[in-house]
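Residue-level listing of the chains:
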Amino acid sequence: CIVCVRSRPAQTSQRKMGAELVAVQGVAAVLAKEAMKSETRDRSRSPRKVAQPETDAKMTQDADAALDLDLFDGHSAEDIFRSPDGRSGYTYDDLICLPGHIAFGVHDVTLDGNFTKKINLKTPIVSSPMDTVTEHNMAIAMALNGGIGVIHTNLSLEAQIKEVTNVKRYKNGFILDPVCITPTTTLAELDDLRRKCGFTGFPVTEDGNMGSKLMGLVTKRDTDFLDNRSSTLVGSIMKKIGDLTVADECVELAAANMVISEKKLGKLPIVTKGGRLVALVARTDISKQAEFPLATKDKNGSLMVAAAIGTRLADRDRAMALVAAGVDAIIVDSSQGDSTFQQDIVRWMKAEFPDLQVIGGNVVTMRQAKHLIDCGVDALRVGMGIGSICTTQEVCACGRAQASAVYSIAKLARAHGVPILADGGISSPGHIVKALCLGAGAAMCGSLLAGTEETPGEYFYSDTGVRLKRYRGMGSIDAMKKGSDDRYFGSESTMKVAQGVSGSVQ
């Protein structure tokens with residue numbers, strides 16, 4: 001044991017030297033590690049670190065940039081729609097816009113959008129070419145407020161031309177389509193008409209139509225306290241043309257209003273030199289008249305309007321007539337825009353009328369869009385089967401989630417300078433905002449506008465007393481019977497397959 005004990009000091013000394021060496025090496029390692037940590041801390045984004053004087057500016061800048069990166073807690077559209085990890089289809093309701101910092105007032109906000117390459121809108125909203133949504137009253141209202149309306153194609157050629165003409169000839173304050181009656185109308189029939197229309201004064205023309213010779217004017221005071229209403233004719237009690245104050249068709253609105261005020265008139269007929277009625281100015285409308293600084297007008301100061309056509313050969317005649325009537329743009333109305341029929345008519349219109357703005361569609365994929373862009377379209381209509389009264393996705397198993405369709409096609413179309421219209425799925429103002437954020441130049445609306453006073457059709461009352469108006473999809477059987485079956489490639493088919501429904505809205 002002693003030996004062992006004796007021998008231990010030498011071993012212990014060696015071990016102590018080894019331990020001291022390890023300790024020195026350990027201290028060196030620790031110091032090196034601490035130096036690395038210090039350098040790491042110097043590069044840190046932590047606001048607690050004390051930067052070296054010579055790197056203060058750079059480190060502060062790096063920290064701010066990193067902090068901004070950390071605070072970015074949303075996702076870009078590119079991340080959502082183009083991520084290789086997930087190619088889900090998104091609807092408007094799947095997305096929400098994150099709020100940002102506001103350094104401006106409401107008066108600084110502009111909503112300018114593009115309907116086509118050459119037609120800009122102050123209000124990026126377009127009324128859909130549906131027979132329960134857009135005729136001349138809606139198109140006028142849309143254009144006055146900075147949007148544009150598209151006259152539907154479920155009309156005869158003559159009727160569609162008349163609708164376009166009514167918009168192009170519109171002057172604010174003039175009633176261009178007053179309800180007229182004939183001299184042979186009975187007072188009983190007049191009473192029914194008053195209840196139906198909601199007003200009491202009517203111009204009396206030779207055949208009861210606008211544009212025919214004015215015979216007189218009948219008002220409520222002319223018919224009060226009269227008996228035998230089923231046999232008394234309007235022609236016997238009306239104020240005849242010789243006793244009426246009328247104005248020439250070239251009169252300005254301000255002058256017409258002055259005549260009404262000075263002579264205390266209820267209505268002022270506007271007539272041609274031949275005595276034909278072309279317009280009416282009403283005293284009750286004077287207080288409603290307003291300036292429309294956002295109005296969508298052409299270079300001549302007329303309101304702008306678009307119209308829809310199909311892809312049949314006969315639609316080429318319709319297109320020529322619409323251009324002659326002054327239409328500003330034509331939409332090729334088809335549920336599936338990527339067809340040889342549409343490509344042919346688009347190429348033909350761009351060749352025949354180079355200045356005419358032509359909108360193609362509907363499309364939902366980039367391949368579809370590219371085909372029509374190559375044909376020369378001035379805008380694309382995007383959407384398939386996502387309208388509130390459309391059943392294409394359910395019936396035909398074809399379509400695409402609208403937010404994904406809008407973003408994808410807008411990305412392609414922008415590279416070619418072609419605006420897109422987000423058509424369908426718009427049930428609230430928030431959906432319009434999302435469509436614009438995703439790249440749409442404007443939003444096309446149907447159900448959002450249905451039921452307003454400007455839509456075609458008459459109001460009726462439900463069993464519960466609620467006032468309603470008809471609203472239907474262009475793929476519904478009712479609409480197909482009027483001619484929209486061509487939109488769904490079914491004009492030659494004896495059996496119609498509904499891709500829409502009919503209903504009513506408040």
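Residues numbered from 1 in each chain as written. Predicted model: local features only at pLDDT ≥ 70, side-chain atom pairs only at ≥ 80, totals over all residues. Heavy atoms only, no water.

**Details of the overall build of the chain**
Each helix and strand counted, the chain has 17 helices and 19 strands in total. Out of the 506 residues belonging to the chain, those deemed buried represent 42%. For the chain, long-range pairs separated by at least 24 residues make up 60% of all intrachain contacts whose partners lie at least 6 apart in sequence. Carbon together with sulfur atoms contributes 55% to the accessible area of the chain, which is approximately 27,600 Å² in total. (Helix = DSSP H or I, 4+ residues; strand = E, 2+ residues; numbered from the N terminus. Buried < 20%, exposed > 50% of the residue type's maximum accessible area, 1.4 Å probe, protein only. Contact = heavy atoms within 4.5 Å. Areas by Shrake-Rupley, 256 points an atom, 1.4 Å probe, with all protein chains shown as cover.)

**A short note on the confidence of the model for the chain**
In this model, the chain carries a mean pLDDT of 81, and residues with pLDDT of at least 70 account for 75%. Across the chain, the secondary-structure element scoring lowest on mean pLDDT is helix 1 (residues 2-42), at 44, and the one scoring highest is strand 12 (residues 329-332), at 97. The low-confidence segment residues 1-25, where pLDDT is below 50, has 1 contact with residues more than four positions distant or belonging to other chains. Note that residues 40-51 has pLDDT below 50 and, in this model, 12 contacts with residues that lie over four places away or in other chains. (pLDDT = per-residue confidence, 0-100.)

**Brief notes about the sheet that holds strand 12**
Ordered by their spatial adjacency, 8 strands build a closed barrel running 3-4-11-12-13-14-15-16, and the pairing between neighbours is parallel. Recorded for the sheet is a direction-independent mean angle of 25° between the axes of neighbouring strands. Both strand 14 (residues 379-382) and strand 15 (residues 420-423) contribute to a ladder of 3 bridges, which runs parallel. Each residue of the ladder has a partner; that of Val382, found in strand 15, is Ala422. Across the sheet, helix 13 (residues 366-375) lies against strand 13 (357-363) and strand 14, angled at about 160° from strand 13, the strand it touches most. (Pairing = 2+ DSSP bridges. Axes fitted to C-alpha atoms, helices over the stretch in contact; angles between N-to-C directions.)

**Comments concerning helix 15 (residues 402-415)**
Over its 14 residues, helix 15 extends 20 Å from the first C-alpha to the last, a length consistent with the 20 Å expected when each residue adds 1.5 Å. The buried fraction of helix 15 is high, at 11 of 14 residues. Inspection of helix 15 places Gln402, Ala403, Ser404, Ala405, Val406, Tyr407, Ser408, Ile409, Ala410, Leu412 and Ala413 among the buried residues, and these make up the whole buried set. Elements in contact with the buried residues of helix 15: helix 3 (77-82), strand 13, helix 13, strand 14, strand 15 and helix 16 (429-437). (Expected span 1.5 Å × (residues − 1).)

**What to know about the sheet that holds strand 10 (residues 277-282)**
Strand order in the open sheet made by the 3 strands is 8-9-10, with mixed pairing throughout. Both edges of this open sheet fall to strand 8 (247-248) and strand 10, since each of them pairs with a single strand only. Across 5 bridges, the pairing between strand 9 (residues 267-271) and strand 10 is antiparallel. Pairing of Pro269 across the sheet is with Leu280, part of strand 10.

**Comments concerning the nonpolar core**
If you look at the biggest cluster of nonpolar residues, it comprises 77 residues, and the most contacted ones within it are Ile270, Met349, Leu380 and Ile420. In terms of residue count, the dominant contributor to this core is helix 15 (8 residues). Leave out the neighbours within four places in its chain, and Ile420 touches Leu380, Val382, Val406, Ile409, Ala410, Ala413, Gly439, Ala440, Gly441 and Ala442. Judged by nonpolar contacts, the second largest core, of 16 residues, contains Ile119, Ile148, Val150 and Met304. (Core = buried A, V, L, I, M, F, W, Y, C linked by side-chain atoms within 4.5 Å.)

**What to know about the pattern of salt bridges**
Between side chains of opposite charge, pairing is possible as soon as their charged atoms come close. Overall, the coordinates contain 15 salt bridges when judged by the stated rule. Across the pair Asp112 and Lys122 runs a salt bridge, and its minimum N-O distance is 3.4 Å. Separated by 10 residues along the polypeptide, Asp112 in the loop between helix 3 and strand 1 (113-114) and Lys122 in the loop between strand 2 (120-121) and strand 3 (125-127) bring together distant segments of the chain. The exposure class assigned to Lys122 is partly exposed, which follows from its relative accessible area of 42%. (Salt bridge = Lys/Arg side-chain N within 4 Å of Asp/Glu carboxyl O.)

**With respect to the packing of aromatic side chains**
Applying the stated criterion across every chain, the model contains 3 aromatic pairs. For the ring pair Phe81 and Tyr90, a centre distance of 5.6 Å and an interplane angle of 85° mean the geometry is edge-to-face. Considering the side-chain rings of Trp348 and Phe353, the 5.9 Å spacing of their centres and the 85° angle between planes classify their relative orientation as edge-to-face. Under the relative-accessibility criterion, Trp348 is labelled buried at 17%. We classify Phe353 as buried; its relative accessible area is 17%. Connected via pairs of aromatic rings, a cluster forms that spans Phe81, Tyr90 and Tyr407. (Phe/Tyr/Trp six-rings, centres within 6.5 Å; stacked < 30°, edge-to-face > 60°.)

**Concerning the pairing of strand 4 (residues 148-151)**
Judged by which residues are buried, strand 4 turns out to be covered on both faces: Ile148 and Val150 on one side and Gly149 and Ile151 on the other are all buried. Bridge count for strand 3 against strand 4 is 2 bridges, and the pairing is parallel. Bridged to Val126 within strand 4 is Ile148. As for the winding sense of the linkage, the β-α-β connection from strand 3 through helix 4 (residues 136-144) to strand 4 is right-handed. Where strand 4 lies against strand 11 (residues 306-309), 2 bridges are found, and the strand directions are parallel. Directly across from Ile151, in strand 11, lies its bridge partner Ala307. (Right-handed = clockwise from strand over helix to strand, strands pointing away.)

**Considering helix 6 (residues 187-197)**
Residues Leu187, Leu190, Asp191 and Arg194 constitute the buried set of helix 6. Buried residues of helix 6, seen end-on, are gathered within an arc of 105° and therefore sit on one face of the element. Contact partners of the buried residues in helix 6: strand 5 (202-205), strand 6 (214-218), helix 7 (220-223) and helix 8 (234-237). (Arc of directions from axis to C-beta.)

**Brief notes about the packing of helix 5 (residues 157-168) against helix 11 (residues 314-325)**
Angle between the axes and distance between the axes are the two parameters that describe a pair of packed helices. Their axes nearest at 9 Å, the elements helix 5 and helix 11 cross at an angle of 25°. One element, helix 5, and the other, helix 11, form an angle in the roughly parallel class. Two packed elements cross with a definite hand, and for helix 5 against helix 11 that hand is right-handed. Listed contacts from helix 11 to Leu157, Gln160, Ile161, Val164, Thr165 and Lys168 of helix 5 are Arg318, Ala321, Leu322 and Ala325. Classifying every residue of the contact of helix 5 with helix 11 by side-chain character gives 6 nonpolar, 2 polar and 2 charged. (Parallel < 35°, antiparallel > 145°, perpendicular 65-115°, else oblique. Left-handed = near helix turned anticlockwise from the far one by under 90°. Nonpolar A, V, L, I, M, F, W, Y, C, P; charged D, E, K, R; others polar.)

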